[in-house]
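# Fold and contact review
The chain contents come next:
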Amino acid sequence: MGKKITLGTAITLIIIAIAITISLTMVLALRNFNEKVSSITERENMFAKFTEIDNYVRQNRGDIDEEKLMDSVAKGYLSGIDDPYALYMSAEAYSAYVAASSQTVAGVGISASMDSDGYMLVGKVYEGSTAASAGILPGDLIIKVDDINLSADTYADAEALLIGEAGTKVTLKVRRNGEDTEMEITRRVLTPTNVATIAFDNHYYIRVDNFTESTPDQFSKAVEKAISAGAQYLVFDVRSVSSGLISSAATILDRLVGSGDMLYVEYNDGSKETLYTSNSRETNIPMVVLVNEGTSGAAEFFAAGLRDFGKAKIVGTQTAGVGSLQKIYKLDDGSAIQLTIGKYYLANSETAWEGVGINPDHAVSLGYVADFSNLSTIDPSIDTQLAKAIEVVSAAINTNVDEENSESGSGEENNG
């Protein structure tokens, strides 16, 4: 039989419980207060230092470009937060970014990336573009756009100038083999062709140059064309593809893989969210994907996603390792900043590729600098990576045939 407690004891216990609760609440409140005070103090110190610098500068300079100064301050702030993908876009650069994200834009017709010197390295020149008409070639370096000399700090602003109103002109200084050539190019509306195909015997080679809003439709038509033509297997090439939308790659994967979650993100606060899920429709044909050290972002997700669903092997070299989620915040003056808010994970294997890249199933190096945008140069007799890819997927076909023959044979009666 349990002991009864007196009313006085019960009241005492209640008072103790209340006291403990109040104490814990005060401790937590004090901790939050101290953190806020610390944050406020740090901000005050930062602004005080900036004000001090600003005062000295204005005492000695009277020709300050206020807009340029604020742009530089914003860039400097983001360079100090230990986020390799953080960047600042001026109002003009952000406007160009939005335009470039659409399916049709007015531009010169190239895709490019920043090289180690901050120059614009031309990766592809789109057929029918004004850049093609001007003679710009893949591998050229653009070192100046209008009045902007290219560097890591000016790259975004210079890139923005490539996009503009149709019919307007932009001046480029192009460097090739150590020689610089200045040329004036007219911006023109162009819907880039991001997917190209070549038929090799009983297989189709499908090259994806960029993952944009228009890429999934182009890709789907290429796959349908290949299957209708009787292709026994598909070779996908995303070597040196460094730009594109994760959403575009997810739409393409949905066309190829079975049902299930494809990709989730772990946010900086530790929470997780599934971003893309595929339906039950899939393409049942042997596949292989070509990658290299220039394959990054959406292209890495495409290759790794196929493997994550057991649909393809990967051939080539280790990829770049760009697999984090960025968010763009538009500021009141029309400019914008980009910040990393999480890391991508493949849903089935729960693996991330940010900072580590994708390791191929078959590591094969290429002994020369290839122009993957020029399909006339794609030749398995000299492209060791492509040759290996064909070998791998051909073996998969033979394995499937042997398994089918074995199953057929096991069902036959022995009448001997």
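Here, every reference points to the structure presented above.
Just so it is clear, the model here is predicted, and its values are computed rather than measured.

Looking only at helices and strands, the protein features nine helices and 19 strands. Residue burial in the protein is summarised as follows: out of 416 residues, 37% are buried. Excluding contacts between residues fewer than 6 apart, the proportion of contacts in the protein whose partners are at least 24 apart in sequence is 65%. When the accessible area of the protein is evaluated, it comes to approximately 23300 Å², of which 51% is carbon and sulfur surface.

Before going further, it helps to spend a moment on the side chain of Glu300. Relative to the elements of secondary structure, Glu300 occurs in helix H8 (residues 298-308). Buried Glu300, no salt bridge; nearest opposite-charge side chain is Arg307, N-O distance 9.6 Å. Non-local contacts of Glu300, meaning those with residues more than four positions away in its chain, are made with Thr295, Gly305, Thr319, Ala320, Gly321, Val322, Trp353, Gly357 and Ile358.

Following the criterion strictly, the structure yields eight aromatic pairs and no others. A centroid spacing of 5.3 Å and a plane angle of 5 degrees characterise the contact between Tyr264 and Tyr345, whose relative ring orientation is stacked. With Tyr264 in strand E13 (residues 260-267) and Tyr345 in strand E18 (residues 336-346), the pair connects residues that are 81 residues apart, well separated along the chain. Relative accessible area serves as the criterion here: at 11%, Tyr264 is assigned to the buried category. For Tyr345, a relative accessible area of 16% corresponds to the buried category. Measuring from centroid to centroid gives 6.1 Å for Tyr344 and Trp353, while their planes differ by 15 degrees, and the two rings are stacked. A relative accessible area of 7% means that Tyr344 is categorised as buried. Note on Trp353: relative accessible area 0%, which makes it buried. Put simply, the rings of Phe211, Phe219, Phe236 and Phe302 touch in pairs and so form one group of aromatic residues.

The next thing to look at is the environment of Thr130. Structurally, the position occupied by Thr130 is in helix H4 (residues 130-134). Taking relative accessible area as the criterion, Thr130 reaches 9% and is therefore assigned buried. Counting along the chain gives 56 residues from Thr130 to Thr186, while the straight-line C-alpha distance between them is 6.4 Å. When residues no more than four places from it in sequence are discounted, the contact partners of Thr130 are Gly107, Val108, Ile185, Thr186 and Arg188. Polar contacts involving the side chain of Thr130 include one to the main-chain carbonyl oxygen of Thr186, which spans 2.8 Å.

When you line up the elements, Val195 lands in strand E10 (residues 195-200). On the accessibility criterion, Val195 (10% relative accessible area) is buried. Separated by 14 residues in the primary sequence, Val195 and Asp209 place their C-alpha atoms 6.4 Å from one another. When near neighbours in sequence (up to four residues on either side) are disregarded, Val195 contacts Ile206, Arg207, Val208, Thr215, Gln218, Phe219 and Ala222.

Per the counting criterion, the structure on display carries 16 salt bridges. Between Arg307 and Asp361 there is a salt bridge whose closest N-O contact spans 3.4 Å. Residue Arg307 is located in helix H8, and its partner Asp361 is located in the loop between E18 and strand E19 (362-363); the two are separated by 54 residues in the primary sequence. Judged by relative accessible area, Asp361 falls into the partly exposed class, the value being 33%. Between Glu391 and Lys388 there is a salt bridge, and its shortest N-O distance comes to 3.1 Å. One end of the pair is Glu391 and the other is Lys388, both in helix H9 (residues 384-410) and three residues apart, which spans about a single turn. We classify Glu391 as partly exposed; its relative accessible area is 49%. Taken together, the shared-partner salt bridges in this structure form one network comprising Lys124, Arg207, Asp209, Asp237, Arg239 and Asp383.

Attention now moves to the nonpolar core. Core analysis: the biggest nonpolar cluster contains 43 residues, and Phe211, Phe219, Phe236, Phe301, Phe302 and Leu306 have the highest contact counts within it. No other element matches H8, which puts seven residues into this core. In this structure, Phe211 is in contact with Val238, Val241, Ser243, Gly244, Leu245, Ser248, Ala249, Ile252, Ala298, Ala299 and Phe302, ignoring residues within four places of it in sequence. Core analysis: the next-biggest nonpolar cluster, separate from the first, contains 18 residues, Val122, Val125, Val145 and Leu150 among them.

So, on to the pairing of strand E11 (residues 203-208). E11 sits mainly inside the fold: six of its six residues count as buried. Neither face of E11 is open: one carries His203, Tyr205 and Arg207, the other Tyr204, Ile206 and Val208, and all of them are buried. Counting the residues in the hairpin turn of E10 and E11 gives two residues, including Asp201, whose phi is positive at 50 degrees. Bridge count between E11 and strand E12 (residues 233-237): five bridges; the pairing is parallel. Looking at the pairing, Ile206 lines up with Phe236 of E12. Tracing the backbone out of E11, into helix H6 (residues 215-228) and back to the parallel element E12 gives a crossover that is right-handed.

What follows covers a nonpolar patch on the surface. Together, Met46, Phe47, Tyr77 and Ile81 make up a nonpolar patch on the protein surface, roughly 410 Å² of accessible area in all. Positionally, Ile81 belongs in the loop between helix H2 (66-79) and strand E1 (87-89).

Reading guide: rules and limits
Residues numbered from 1 in each chain as written. Predicted model: local features only at pLDDT ≥ 70, side-chain atom pairs only at ≥ 80, totals over all residues. Heavy atoms only, no water. Helix = DSSP H or I, 4+ residues; strand = E, 2+ residues; numbered from the N terminus. Buried < 20%, exposed > 50% of the residue type's maximum accessible area, 1.4 Å probe, protein only. Contact = heavy atoms within 4.5 Å. Areas by Shrake-Rupley, 256 points an atom, 1.4 Å probe, with all protein chains shown as cover. Lys, Arg positive; Asp, Glu negative; His and termini not counted. Salt bridge = Lys/Arg side-chain N within 4 Å of Asp/Glu carboxyl O. Phe/Tyr/Trp six-rings, centres within 6.5 Å; stacked < 30°, edge-to-face > 60°. Polar contact = N/O pair within 3.5 Å; in protein donor to acceptor, adjacent residues only side chain to side chain. Core = buried A, V, L, I, M, F, W, Y, C linked by side-chain atoms within 4.5 Å. Pairing = 2+ DSSP bridges. Right-handed = clockwise from strand over helix to strand, strands pointing away. Patch = residues over 30% accessible without salt bridge, like charges linked within 9 Å, V, L, I, M, F, W, Y side chains within 5 Å.

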